[in-house]
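# Inside the fold
Take a look at the letters that make up each chain.
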Amino acid sequence: MLRDAITAFAQTFSPDYRRVLLRSVGLAIGLLIALGVGAHYALTYFVALDLRWAEITIDILAAFGIFIGAIFLVPPVTSLVAGLFLDDVAAQVERSDFPLEPEGQALPIGRSLWLTVKFFGVMLAVNLVALLLLLVPGVNLVVFYVANGYLLGREYFQLAAMRYRSEDEVALLRRHHAGAIFLGGLVIAAVVSVPILNLVTPVFATIFMVRLHKRLSRAG
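Residues numbered from 1 in each chain as written. Predicted model: local features only at pLDDT ≥ 70, side-chain atom pairs only at ≥ 80, totals over all residues. Heavy atoms only, no water.

### A short note on the overall build of the chain
The helix and strand inventory of the chain stands at 8 helices and 0 strands. Written out in order from the N terminus, the α and β elements of the chain read α-α-α-α-α-α-α-α. Taken over 220 residues, the chain has a buried fraction of 43%. Put simply, 81% of the contacts in the chain that link residues at least 6 apart link residues at least 24 apart. A total of about 11,500 Å² of accessible surface is found on the chain, and carbon and sulfur atoms cover 71% of it. (Helix = DSSP H or I, 4+ residues; strand = E, 2+ residues; numbered from the N terminus. Buried < 20%, exposed > 50% of the residue type's maximum accessible area, 1.4 Å probe, protein only. Contact = heavy atoms within 4.5 Å. Areas by Shrake-Rupley, 256 points an atom, 1.4 Å probe, with all protein chains shown as cover.)

### Some details on helix α4 (residues 109–132)
Between its first and last C-alpha, α4 extends 34 Å over 24 residues, near the 34 Å set by a 1.5 Å rise per residue. Residues of α4 that are buried: Ser112, Leu115, Thr116, Phe119, Met123, Asn127 and Ala130. (Expected span 1.5 Å × (residues − 1).)

### With respect to the environment of Pro102
With respect to the element layout, Pro102 can be found in the loop between α3 (52–97) and α4. Residues Pro102 and Tyr164, 62 residues apart in the sequence, show an inter-C-alpha distance of 9.2 Å. Not counting residues up to four positions away in its chain, the partners in contact with Pro102 are Tyr164 and Lys214.

### Some points on the pattern of salt bridges
According to the stated counting rule, one finds 9 salt bridges in the structure shown. Note that Glu103 is salt-bridged to Arg95, the shortest N-O span being 3.6 Å. On the accessibility criterion, Glu103 (38% relative accessible area) is partly exposed. (Salt bridge = Lys/Arg side-chain N within 4 Å of Asp/Glu carboxyl O.)

### As for the nonpolar core
Tyr156 and Ile188 are the most contacted members of the largest nonpolar core, which totals 50 residues. Within the residue set of this core, elements represented by two or more residues are α1 (2–12), α2 (15–46), α3, α4, α5 (139–161), α6 (167–176), α7 (178–192) and α8 (201–219). Take this core: its biggest share by element is 10 residues, from α3. (Core = buried A, V, L, I, M, F, W, Y, C linked by side-chain atoms within 4.5 Å.)

In structure tokens, the structure reads:
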């Protein structure tokens, strides 16, 4: 698994994936900026102070809060972005790294979008809970890594595996290899927790989980 992760990380920045990486990063940044602007507008709309120094203080605290909040919003935002680019990335991995094996089939666009939006909602809820626990030392980090390790591993593995299998088959394979998929999810969560670097998560995680799915499929 460590070899898969290192290989996937190196491939993320290779010319084969550069175009989709730039599009993915650009979209993720755009969504985060939109969320930040929306949060700042809501704060200034509902909190009106007459004192100039108080307004400046609120603006500084709001900017800091939005920055911290953005860290916790990256997992759901990148999961949403992943649904738009996963099939392109997965197909490239299959062609370049597994040329002798059949290429997977992309999910119907409607089904893919539904799974992505549904999972975005779950990820958003979990990371908002982790954000609310920010003032509880240690607990928020445990929630962040364990929850995102499970959810990110589950989502990316499912999307990669469903190019070859039905949902029931994917669920069975996922239960059989739950430990390995969770560890893979923790690797993705570790990347997600690094500011700036976490923007490459959709491409990295897709490459990583396509490789992991191939390896676990051979294991039975």
